[in-house]
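Chain residues, written in single-letter form:
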Amino acid sequence: MADGRIIGRIIVMLFLILILTGGGILWFDFLNVIDARNVTGPVANALRGAPLVGRLIPPGEPRTQPFLADDEFINLDAERLAVRLEALELRNMEIQRQEQDMVSRLNLIEQIAQELEERQSALDEREISFNALLADAEIRDRAVERNAVNMINMPPQQAVNILESMYDQDVIDVLLKTDELAEAGGTMSIVPFWLSLMDPQRAADISRKMVSRPFALN
């Protein structure tokens, strides 16, 4: 009796294993993981007459599983590489554009710097010229003052003789400096007396030019 029970249990277990195996094959076939016709082979053909199995595994050619060609992976990598190359090309174009903008800005800065340097050079030259003119004016003013002091200290007629031999502008400078010295010293200016000793026409011309105060007279 015991041996019969064991044998019965073994048969039941084998039957359960077959059912689970068949169910697993059918489930994986339904999920398109495997092709039950290729796996079961002759067994499926033998059981196709059964109502349940015949419905689950209908007759026909084995279902072919979709597969990828060997070069499809290569094409995908090529597409990715092409996208990366395109992105690198766009990046390179952007960098070149930025470099061109930078070069243009540098050229503009250099141009502005050159213009500023030229303006600074012109200002320096004008300053040098102005300082030279100022120095000349100071030297001339000291010379005119020295001549005026010398003429004040000499006899009036002698001073008039010297004045008449000078250009009109030099005469005017000496007369104006003489007036300044007299005003600074709080004394009477000798300029009217000098003019009275000069030739009347020359004295009139000098007086007229002193009133108009031109920049240069010859």
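Participant: Just to check I follow, could you spell out the overall build of the protein chain for this structure?
Facilitator: Within the protein chain, the secondary structure is distributed over nine helices and zero strands. Listed by position from the N terminus, the elements making up the protein chain come as α-α-α-α-α-α-α-α-α. The contacts of the protein chain with a sequence gap of at least 6 include a subset with a gap of at least 24, amounting to 61%. Summed over its atoms, the accessible surface of the protein chain is roughly 17,200 Å², and 62% of this surface lies on carbon and sulfur atoms.

Participant: Just to check I follow, could you spell out the nonpolar core for this structure?
Facilitator: One broad trend across soluble globular proteins is that nonpolar side chains are buried collectively. Residues Met151, Leu163, Val174, Leu175, Trp194, Leu195 and Ile206 are the most contacted members of the largest nonpolar core, which totals 19 residues. Those elements giving two or more residues to this core turn out to be helix H5 (70–152), helix H6 (156–164), helix H7 (168–185), helix H8 (191–197) and helix H9 (200–212). Filtering out sequence-adjacent residues up to four positions away, Leu175 remains in contact with Leu163, Val191, Trp194, Leu195, Ile206 and Met210.

Participant: Mind showing me how you'd approach the pattern of salt bridges here?
Facilitator: Pairing is possible between side chains that carry opposite charge, provided their charged atoms lie close to one another. Taken as a whole, this structure holds nine salt bridges when the rule is applied. A salt bridge links Asp168 to Arg202, with the nearest nitrogen and oxygen atoms 2.9 Å apart. Here Arg202 lies in helix H9 and Asp168 lies in helix H7, a separation of 34 residues in the sequence. The buried category is assigned to Asp168, whose relative accessible area is 12%. Through salt bridges with shared partners, one network takes in Glu94, Arg97 and Asp101.

Participant: Could you clarify how one ought to interpret H6 in this entry?
Facilitator: Three or four residues apart is the spacing at which side chains of an α-helix point the same way, because the helix has 3.6 residues per turn. Turning to H6, its buried residues are Ala159, Val160 and Leu163. End-on view of H6: buried residues confined to an arc of 100°, all on one side of the axis.

Participant: What's the story with H7 in this structure? I'm lost.
Facilitator: Taking 1.5 Å of rise per residue, 18 residues should cover 26 Å, and H7 covers 26 Å from first to last C-alpha, within 8% of that figure. Burial in H7 covers these residues: Asp168, Gln169, Val171, Ile172, Asp173, Val174, Leu175, Lys177, Thr178 and Ala182. Following H7 by one or two positions, Gly186 adopts a phi angle in the positive range, close to 70°.

Participant: I'm lost on a nonpolar patch on the surface in this one. Help?
Facilitator: A surface patch of nonpolar side chains, amounting to about 490 Å² of accessible area, comprises Val12, Met13, Phe15, Leu16 and Ile19. Structurally, the position occupied by Phe15 is in helix H1 (residues 2–30).

Participant: Where do I start with the packing of H7 against H9 in this structure?
Facilitator: Two measures define how a pair of helices packs: the angle their axes make with one another and the distance between the axes. Close contact between H7 and H9 brings their axes to 10 Å; oriented N to C, the two are set at 70°. The pairing of H7 with H9 is recorded here as roughly perpendicular in orientation. Only Arg202, Ile206, Lys209 and Met210 of H9 make contact with H7, whose side of the interface consists of Asp168, Val171, Ile172, Leu175 and Leu176. Residue classes in the contact of H7 with H9 are distributed as six nonpolar, no polar and three charged.

Participant: Could you clarify how one ought to interpret the confidence of the model for the protein chain in this entry?
Facilitator: Do not read the predicted coordinates in detail wherever pLDDT is low. Here the protein chain shows a mean pLDDT of 79. Residues at 70 or above account for 74%. Taken as a whole, residues 52–57 scores under 50 in pLDDT and shows nine contacts with residues more than four places along the chain or in a different chain. In this model, residues 60–68 is a region of pLDDT below 50 whose contacts with residues beyond four sequence positions or in other chains number 15 contacts.

Participant: Looking at this structure, I do not really get the side chain of Lys209. What am I missing?
Facilitator: Looking at the secondary structure, you find Lys209 in helix H9. Here the side chain of Lys209 touches Asp168 through a polar contact of 2.5 Å, side chain to side chain.

Participant: Would you mind showing me how to read the side chain of Lys177 here?
Facilitator: Among the structural elements, Lys177 can be located in helix H7. Relative accessible area serves as the criterion here: at 10%, Lys177 is assigned to the buried category. If near-sequence neighbours (up to four positions away) are discounted, Lys177 is found in contact with Asp141, Val144, Glu145 and Ala148.

How each quantity is defined
- Residues numbered from 1 in each chain as written.
- Predicted model: local features only at pLDDT ≥ 70, side-chain atom pairs only at ≥ 80, totals over all residues.
- Heavy atoms only, no water.
- Helix = DSSP H or I, 4+ residues; strand = E, 2+ residues; numbered from the N terminus.
- Contact = heavy atoms within 4.5 Å.
- Areas by Shrake-Rupley, 256 points an atom, 1.4 Å probe, with all protein chains shown as cover.
- Core = buried A, V, L, I, M, F, W, Y, C linked by side-chain atoms within 4.5 Å.
- Buried < 20%, exposed > 50% of the residue type's maximum accessible area, 1.4 Å probe, protein only.
- Salt bridge = Lys/Arg side-chain N within 4 Å of Asp/Glu carboxyl O.
- Arc of directions from axis to C-beta.
- Expected span 1.5 Å × (residues − 1).
- Patch = residues over 30% accessible without salt bridge, like charges linked within 9 Å, V, L, I, M, F, W, Y side chains within 5 Å.
- Axes fitted to C-alpha atoms, helices over the stretch in contact; angles between N-to-C directions.
- Parallel < 35°, antiparallel > 145°, perpendicular 65-115°, else oblique.
- Nonpolar A, V, L, I, M, F, W, Y, C, P; charged D, E, K, R; others polar.
- pLDDT = per-residue confidence, 0-100.
- Polar contact = N/O pair within 3.5 Å; in protein donor to acceptor, adjacent residues only side chain to side chain.

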